[in-house]
Amino acid sequence: MRSPTLNDVARLAGVSYATADRVVNHRGNVADKSVRKVLTAVEQLGYVRNVAAANLSRSRTYRLAFLMPGGSNPFFERMHAHLEKAASHLKHSQVSINIVIVDAFAVEALEQAIEVVAGADYDGIAIVGLGNDRLVAPLNALRDRGTRIVSLVSDLPDSCREHYVGINNLKAGRSAARLMGMAHAGGPGRALVAVGSLDAPDHADRLQGFRTVLEEDFPEIEIASVIEMRDQSALMHRMMMEAWSTTEGVSAVYNVGAGNEGLIDALRIMDRPRRFCSIVHDLIPPTRRALEDGTLDAAIDQRPEIEINRALTLLRAIVDDLPPPPMPELIPAIFVRDNLPDETV
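Residues numbered from 1 in each chain as written. Predicted model: local features only at pLDDT ≥ 70, side-chain atom pairs only at ≥ 80, totals over all residues. Heavy atoms only, no water.

### As for helix H3 (residues 32-45)
Move 1: Counted at 1.5 Å a residue, the expected span for H3 with its 14 residues is 20 Å, and the 20 Å between its end C-alpha atoms agrees.
Move 2: Turning to H3, its buried residues number three or more, namely Ser34, Val38, Ala41 and Val42. Along the axis of H3, the buried residues cluster in a sector spanning 100°; they form a single face. Exposed residues pointing more than 90 degrees away from the buried face of H3 are listed as Asp32, Lys33, Arg36, Glu43 and Gln44.
Move 3: Packed against the buried residues of H3 are helix H1 (6-13) and helix H2 (17-24).
Move 4: One or two positions beyond H3, positive phi appears at Gly46, with a value near 70°. (Helix = DSSP H or I, 4+ residues; strand = E, 2+ residues; numbered from the N terminus. Expected span 1.5 Å × (residues − 1). Buried < 20%, exposed > 50% of the residue type's maximum accessible area, 1.4 Å probe, protein only. Arc of directions from axis to C-beta. Contact = heavy atoms within 4.5 Å.)

Written out as structure tokens, the structure reads:
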């Protein structure tokens, strides 16, 4: 038995093929009565729209934008590099990708970037989110215009996006606390914690997960201080050295965000106790070298290349009004000096 065609839908609905095509492919300018007839016929026949054929017939190009922090953050440099490679590969599949650079942790800059993409008629955008209510209205206005939105790495409120692509940052913070607790082997400890910004949902979630596990399972380890570093390496180095010199009994350091180069430089000149635990996020060349020489104990990597690939796949699906493809939870990799990949990822 053959599958129903768009001609079958048009015939059952009592409309022209062109009208049925406009309804099924969401091109508008069709009377509500005709829309209802076509949708009823689609349901009765079990018609499934051939997205590839529709896109081919219209020479469809997917216009996508990625709003991402710039600057000297090696994690996002890694993301940018992979996205540029993906853009070069996908241009042959009618996918156009634009990278919009935004100042890190700057709500006003992100607002302005959203205004720019709102005037460019993108089909879908991916945004590294910030937890600020000022973003809700412009993002919802963008969605009302038909632009599909996914949050990337750091989430947005559910009302502002279709899907989130990234790791569970609560679990990442909990994992860091578990590693730190095991390193202390039931003994007391004091941890210095560095964050980029508590306005970034991913950083706030990691800190919350970290606190929860220490309080529940390792109460003998206290958090001596939480220092906001804005993901700046030089600021990280200076403030970490100050905290080290003014805080007694420090036995661990956990960096929630970026700026690892500054932390590593500080750790190399600190007079650390024999039992000391240092945990960071992201496997980049400096953290890899620090793991190899014992300056760092563990790096929790969220595999940004996979996040970019998932965001692209997801955006193309939801732009076509298709259900999101099945994607298992993205579990971060925990690297120590013994399981580093052969090549820097």
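Next comes the rest of the write-up.
### Some points on the sheet that holds strand S8 (residues 252-255)
Move 1: The six strands are arranged S7-S6-S8-S9-S10-S11 in an open sheet whose pairing can be described as mixed. Taken across any chain shown, the strands that pair with only one partner, and hence form the sheet edges, are strand S7 (221-228) and strand S11 (333-335). The average angle at which neighbouring strand axes cross in this sheet is 15°, direction not considered.
Move 2: Alignment of S8 against strand S9 (residues 277-281), held across three bridges, turns out to be parallel. Note that in S9 the partner of Tyr254 across the bridge is Ile279. (Pairing = 2+ DSSP bridges. Axes fitted to C-alpha atoms, helices over the stretch in contact; angles between N-to-C directions.)

### Quick look at the sheet that holds strand S5 (residues 163-165)
Move 1: Reading across the sheet, the five strands line up as S2-S1-S3-S4-S5 and stay open at both edges, with parallel pairing between neighbours. Edge positions in the sheet fall to strand S2 (95-102) and S5, since each has one partner strand and no second. On average, each strand axis in the sheet is inclined to that of its neighbour by 25°, with strand direction left out of account.
Move 2: Two strands pair when backbone bridges link them, and strand S3 (residues 124-127) and strand S4 (residues 148-152) are joined in this way by four bridges, in the parallel orientation. Bridged to Gly124 within S4 is Arg148.
Move 3: Lying on the sheet, helix H13 (residues 304-319) is in contact with strand S1 (62-69), S2, S3, S4 and S5; it crosses S4 at an angle near 165°.

### Topic: the side chain of Ser251
Move 1: Structurally, Ser251 is set in the loop between helix H10 (233-246) and S8.
Move 2: Not counting residues up to four positions away in its chain, the partners in contact with Ser251 are His184, Gly189, Arg190, Arg275, Phe276 and Cys277.

### A closer look at the packing of aromatic side chains
Move 1: Taken as a whole and judged by the stated rule, the model has three aromatic pairs.
Move 2: Judged by centre distance (5.0 Å) and plane angle (80°), the rings of Phe75 and Phe76 are edge-to-face. Comparing Phe75 with Phe76 shows no difference in burial state: the two are buried.
Move 3: Directly above the ring of Tyr122 sits Arg63, whose terminal nitrogen or CZ lies 4.7 Å from the centroid.
Move 4: The ring of Tyr62 has Arg316 sitting right over it, with the charged end atom 5.3 Å from the ring centre. (Phe/Tyr/Trp six-rings, centres within 6.5 Å; stacked < 30°, edge-to-face > 60°. Lys NZ or Arg CZ within 6 Å of the ring centre and 35° of its normal.)

### Quick look at helix H6 (residues 107-118)
Move 1: For H6, which comprises 12 residues, the first-to-last C-alpha distance of 16 Å matches the rise-based estimate of 16 Å (1.5 Å per residue) to within 8%.
Move 2: Within H6 the residues assigned to the buried category are Val107, Ala109, Leu110, Glu111, Ala113, Ile114, Val117 and Ala118.
Move 3: Packing partners of the buried residues in H6 comprise S1, S2, S3 and helix H7 (136-144).

### Structural notes on the pairing of S3
Look at any regular strand and the pattern is simple: side chains alternate between the two faces of the sheet.
Move 1: Along S3, one buried face is formed by Gly124 and Ala126 and the opposite face, lined by Ile125 and Ile127, is buried too.
Move 2: As defined by bridge partners, S1 adjoins S3 across four bridges and the pair is classed as parallel. From the neighbouring strand, Ala65 faces S3, where its bridge partner is Ile125.

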